[in-house]
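# Residue-level structure breakdown
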Amino acid sequence: MASVGYPSSMRTTWFLVLTLSLSACGGGGGGGAAVPPVAAAARLLAEAIEIGPAVTVADVTVSLAKQPEAAPALLEAHIELPPELSLPNQDRLTAAAPLVTLDGNFVDGRFVVICGDASNQNAVVLPNGELFRLRVTPTLPRKPGSYTITLRNLRAATSDGSNVPLESETVSVSVTIL
């Protein structure tokens, strides 16, 4: 094949520029390993609350804000309360959505909540939106101020027991006592 009139060094330079450009842009064809897609993570959240001067209890609502492809059917949260807040003796938890299981009890100074379905292989996934309400009350003597409830060690699983990734293993909730 005849040359188009470019000197050999010019053809080599253009070939190198083209090759480096394709490599930098990710082009140039196969050879590299495929990059796996990033798995979507579930996100739990709870909005800040205020407990007014004449109010003795208030509810912290915990919600599932984002469903990943492998949606959770079961959720566990360890709730840490500051000394200025406590849980009442009764009606500590209320379901905000239909749940097969909603249970909570104190374990090593934290209130551990399990919600969802841990007993059925074909369990229904947790819905997006509000899941449960945690009732809190100011500890006596009442101390006005802003405090933080922390949900730690968050874990989620599918109906077959596979872990569901979470955006965060900790959620903080601001509570203001007026």
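Residues numbered from 1 in each chain as written. Predicted model: local features only at pLDDT ≥ 70, side-chain atom pairs only at ≥ 80, totals over all residues. Heavy atoms only, no water.

### Some details on unusual backbone geometry
Backbone torsion omega between L140 and P141 reads 0 degrees, so that peptide bond is classified as cis. Relative to the helices and strands, P141 resides in the loop between β9 (129-138) and β10 (145-157). Backbone geometry at N153 places phi at a positive 50 degrees, although glycine is not the residue there. Looking at where N153 falls in the secondary structure, it is placed in strand β10. (Helix = DSSP H or I, 4+ residues; strand = E, 2+ residues; numbered from the N terminus.)

### A few points about the side chain of D117
Along the chain, D117 turns up in the loop between β8 (110-116) and β9. Buried within the structure, D117 lacks any salt-bridge partner; R155 is the closest side chain of opposite charge, at an N-O distance of 15 Å. At 2.7 Å, the side chain of D117 forms a polar contact with the side chain of N120. Each residue touching D117, except ones within four places of it in the same chain, is listed here: A73, L74, V100, T101 and A123. (Buried < 20%, exposed > 50% of the residue type's maximum accessible area, 1.4 Å probe, protein only. Lys, Arg positive; Asp, Glu negative; His and termini not counted. Salt bridge = Lys/Arg side-chain N within 4 Å of Asp/Glu carboxyl O. Polar contact = N/O pair within 3.5 Å; in protein donor to acceptor, adjacent residues only side chain to side chain. Contact = heavy atoms within 4.5 Å.)

### Focus: the sheet that holds β8
Taken in spatial order, the six strands line up as β2-β11-β10-β4-β8-β7 in an open sheet, and their pairing is mixed. Both outer strands of the open sheet, β2 (49-51) and β7 (101-107), are each paired with one neighbouring strand and no more. Taking each pair of neighbouring strands and ignoring which way they run, the sheet shows an average axis angle of 25 degrees. Both β2 and strand β11 (residues 171-177) contribute to a ladder of three bridges, which runs parallel. Counted as the bridge partner of I51 is I177 from β11. (Pairing = 2+ DSSP bridges. Axes fitted to C-alpha atoms, helices over the stretch in contact; angles between N-to-C directions.)

### A short note on the side chain of E76
On the secondary structure map, E76 appears in strand β4 (residues 74-80). Among the polar contacts made by the side chain of E76, one reaches the side chain of H78 at a distance of 2.6 Å. Side-chain polar atoms of E76 contact the side chain of R155, separated by 2.4 Å. Each residue touching E76, except ones within four places of it in the same chain, is listed here: V112, V113, I114, N153, L154 and R155.

### Details of the pattern of salt bridges
Under the defined criterion, the tally for this structure stands at six salt bridges. Here R135 and D59 are joined by a salt bridge, their closest N and O atoms 2.9 Å apart. Note that R135 is positioned in strand β9 and D59 in strand β3 (residues 58-66), a separation of 76 residues in sequence. Taking relative accessible area as the criterion, R135 reaches 24% and is therefore assigned partly exposed. Its salt-bridge partner being E80, residue R152 comes within 3.3 Å of it at the nearest N-O pair.

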